[in-house]
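Here is what each chain is made of, one letter per residue.
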Amino acid sequence: MKSKFLFSGFLIFFIWGCGAKNNSQESISLFNGRNLDGWYTFIARPDSSIEIPGLERGEDGQYTGPVGINKDPLQVFGLADLDGEKVIRISGQVMGILVTEKEYENYHLKLEFRWGEKKYPPRERAPRDSGLLYNSIGREGAWYGVWMKSVECQINEKEVGDLYTVDTVFVDVPAVIDPQTGRYAYSKGAEKKTFSPEISHCGKDVDYEKPVGEWNTVEVYTVNGRSVHVINGQVNNRLENFRYLVDGEEVPLTRGKIQLQSEGAEIFYRNITLTPIREIPHELM
């Protein structure tokens, strides 16, 4: 009897152990600290004040098209040594995107960012701006000549965690409107509002960003077309029912690439990890 009990116990432990292993989800690093392997770049049409040899201009002096994919004569996207480590540096000089080569679905994305000092026309007097765009599909430059169709977790001074719907994307958020500004902001338990190309911006409820010069942690949990934005450990936006238009019909948007924006301000990124998940943790909902 003892030997049968020990064998049964071992069998149960073995089965449980195999199940635990199969259910485990290991994080992957999206930045190896050495180069930009796994990413590609797209740079939009530059401002006419920027000189890019070989890029065609019209009679009015304006550039006629974008710089394009994996062409970066100004080194908008690259690496920098900061605090004794290699980090991603995005100069912000020209509008563009750093894009993952792969698409992802149902994951916890975590990264750190820190603002740099440089700002460029026409946004040299505006708040520093970048962005984390996820579930990105379609062609580069589809929206305003720069972005792919996507859902954006805004990274902008005083607006980190805000939602922007990019291109023909629709997202539902429990939100309230500020009667003085006419702007919407997330509010847990409020009536749900659909954000779309017509009204694409929904602010977060609380600003958890740290002062310029300090590292901030941004996390996005997204599963089956819903997500939670977590800034420095605090939830400040909850979104659901992602969809987009195909031939006039709304279809679910549950997967896609990840974009990091160049948008007029120098910014640094590090520690970019992605962990597959089956559900958003209950404590965040």
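Residues numbered from 1 in each chain as written. Predicted model: local features only at pLDDT ≥ 70, side-chain atom pairs only at ≥ 80, totals over all residues. Heavy atoms only, no water.

Student: What should I look at first to understand the environment of Asn-156 in this one?
Tutor: Here Asn-156 is to be found in strand β10 (residues 149–156). In sequence terms Asn-156 and Leu-30 are 126 residues apart; their C-alpha atoms lie 22 Å from each other. Look past the residues within four positions of Asn-156 in its chain and what remains in contact with it is Trp-115, Arg-123, Pro-127, Arg-128, Asp-129 and Glu-209. (Helix = DSSP H or I, 4+ residues; strand = E, 2+ residues; numbered from the N terminus. Contact = heavy atoms within 4.5 Å.)

Student: Could you clarify how one ought to interpret the pairing of strand β20 (residues 255–262) in this entry?
Tutor: Regular strands show a simple pattern: their side chains alternate between the two faces of the sheet. Taking burial as the measure, the eight residues of β20 include seven buried ones, the bulk of the element. As defined by bridge partners, strand β6 (residues 96–100) adjoins β20 across four bridges and the pair is classed as antiparallel. The residue of β20 that forms the bridge with Leu-98 is Leu-260. As judged from the three bridges shared by strand β9 (residues 129–137) and β20, these two strands associate in the antiparallel manner. (Buried < 20%, exposed > 50% of the residue type's maximum accessible area, 1.4 Å probe, protein only. Pairing = 2+ DSSP bridges.)

Student: Just to check I follow, could you spell out the nonpolar core for this structure?
Tutor: Across soluble globular proteins, nonpolar side chains have a tendency to be buried as a group. Judged by nonpolar contacts, the single largest core of 52 residues is most densely connected at Leu-132, Val-151, Val-218, Leu-260, Tyr-269 and Ile-272. Ignoring sequence-local partners within four residues, the contact set of Leu-132 consists of Leu-109, Leu-111, Val-151, Glu-152, Cys-153, Ile-155, Val-218, Val-220, Ile-258, Gln-259 and Leu-260. Formed by 10 residues, the second largest nonpolar core is a distinct cluster that contains Ala-44, Ile-97, Val-99 and Met-148. (Core = buried A, V, L, I, M, F, W, Y, C linked by side-chain atoms within 4.5 Å.)

Student: Would you mind showing me how to read the state of the cysteines here?
Tutor: Here a disulfide denotes a covalent bond joining the sulfur atom of one cysteine to the sulfur atom of another. If you walk through the whole model with that rule in mind, you get zero disulfides. The closest cysteine sulfur to the non-disulfide-bonded Cys-153 is located on Cys-202, 12 Å from its own sulfur. A relative accessible area of 0% means that Cys-153 is categorised as buried. (Disulfide = S-S within 2.5 Å.)

Student: Sorry if this is basic, but what is going on with the pairing of strand β21 (residues 265–276) here?
Tutor: For β21, a buried count of nine out of 12 residues is recorded, marking the element as mostly surrounded by other parts of the structure. Summarising the sheet, strand β1 (residues 28–29) and β21 pair through two bridges and their orientation is antiparallel. By the bridge assignment for β21, Ile-28 is matched with Leu-274. Where strand β5 (residues 85–90) lies against β21, three bridges are found, and the strand directions are antiparallel.

Student: Just to check I follow, could you spell out unusual backbone geometry for this structure?
Tutor: Here the residue pair Pro-121 and Pro-122 is connected by a cis peptide bond, since its omega of 5° sits within 30 degrees of zero. At Gln-75, a position not held by glycine, the phi torsion is positive, near 55°. Assignment of secondary structure puts Gln-75 in the loop between β3 (68–69) and β4 (77–82).

Student: Hey, could you run me through the pattern of salt bridges in this one?
Tutor: Think of it this way: side chains of opposite charge can pair up when their charged atoms draw near. The full count for this structure, using the stated rule, is 17 salt bridges. Glu-240 is the salt-bridge partner of Lys-192, the closest N and O atoms lying 2.8 Å from each other. You can see Lys-192 sitting in strand β14 (residues 192–195) and its partner Glu-240 sitting in strand β18 (residues 234–246), a full 48 residues away along the chain. Ionic contacts of the salt-bridge type, sharing partners, join the residues Glu-85, Glu-112 and Arg-270 into one network. (Salt bridge = Lys/Arg side-chain N within 4 Å of Asp/Glu carboxyl O.)

Student: Is there a simple way to explain the packing of aromatic side chains in this structure?
Tutor: Throughout the structure, instances matching the rule amount to five aromatic pairs. A ring pair is formed by Tyr-104 and Tyr-107, whose centres lie 6.5 Å apart and whose planes are at 80°; its orientation type is edge-to-face. For the pair shown, Tyr-104 and Tyr-107 are each scored as buried. Taking 5.4 Å as the distance between ring centres and 70° as the angle between the ring planes, the aromatic pair formed by Phe-113 and Trp-115 counts as edge-to-face. We note that Phe-113, like Trp-115, is buried. The ring of Tyr-63 has Arg-57 sitting right over it, with the charged end atom 4.1 Å from the ring centre. (Phe/Tyr/Trp six-rings, centres within 6.5 Å; stacked < 30°, edge-to-face > 60°. Lys NZ or Arg CZ within 6 Å of the ring centre and 35° of its normal.)

Student: What should I look at first to understand the side chain of Arg-238 in this one?
Tutor: With respect to the secondary-structure elements, Arg-238 resides in strand β18. No salt bridge is formed by the buried Arg-238. Its closest oppositely charged neighbour is Asp-205, at 5.8 Å. Reaching out from Arg-238, the side chain makes a polar contact with the side chain of Tyr-186 at a distance of 2.4 Å. Engagement of the side chain of Arg-238 in a polar contact is seen with the backbone oxygen of Leu-284, the distance being 2.8 Å. Those residues in contact with Arg-238, other than ones at most four positions away along the chain, are Asp-172, Val-173, Pro-174, Tyr-186, Lys-188, Ser-227, Val-228, Leu-284 and Met-285. (Lys, Arg positive; Asp, Glu negative; His and termini not counted. Polar contact = N/O pair within 3.5 Å; in protein donor to acceptor, adjacent residues only side chain to side chain.)

Student: What am I meant to see in the side chain of Glu-140 here?
Tutor: In this structure, Glu-140 sits in the loop between β9 and β10. Among buried Asp, Glu, Lys and Arg side chains, Glu-140 stands out as unpaired, with Lys-257 the closest opposite charge at 4.7 Å. In terms of polar contacts, Glu-140 uses its side chain to reach the side chain of Tyr-40, at 2.4 Å. For Glu-140, the residues in contact, after removing those within four places along its chain, are Tyr-40, Phe-42, Ile-69, Ile-97, Val-146 and Met-148.

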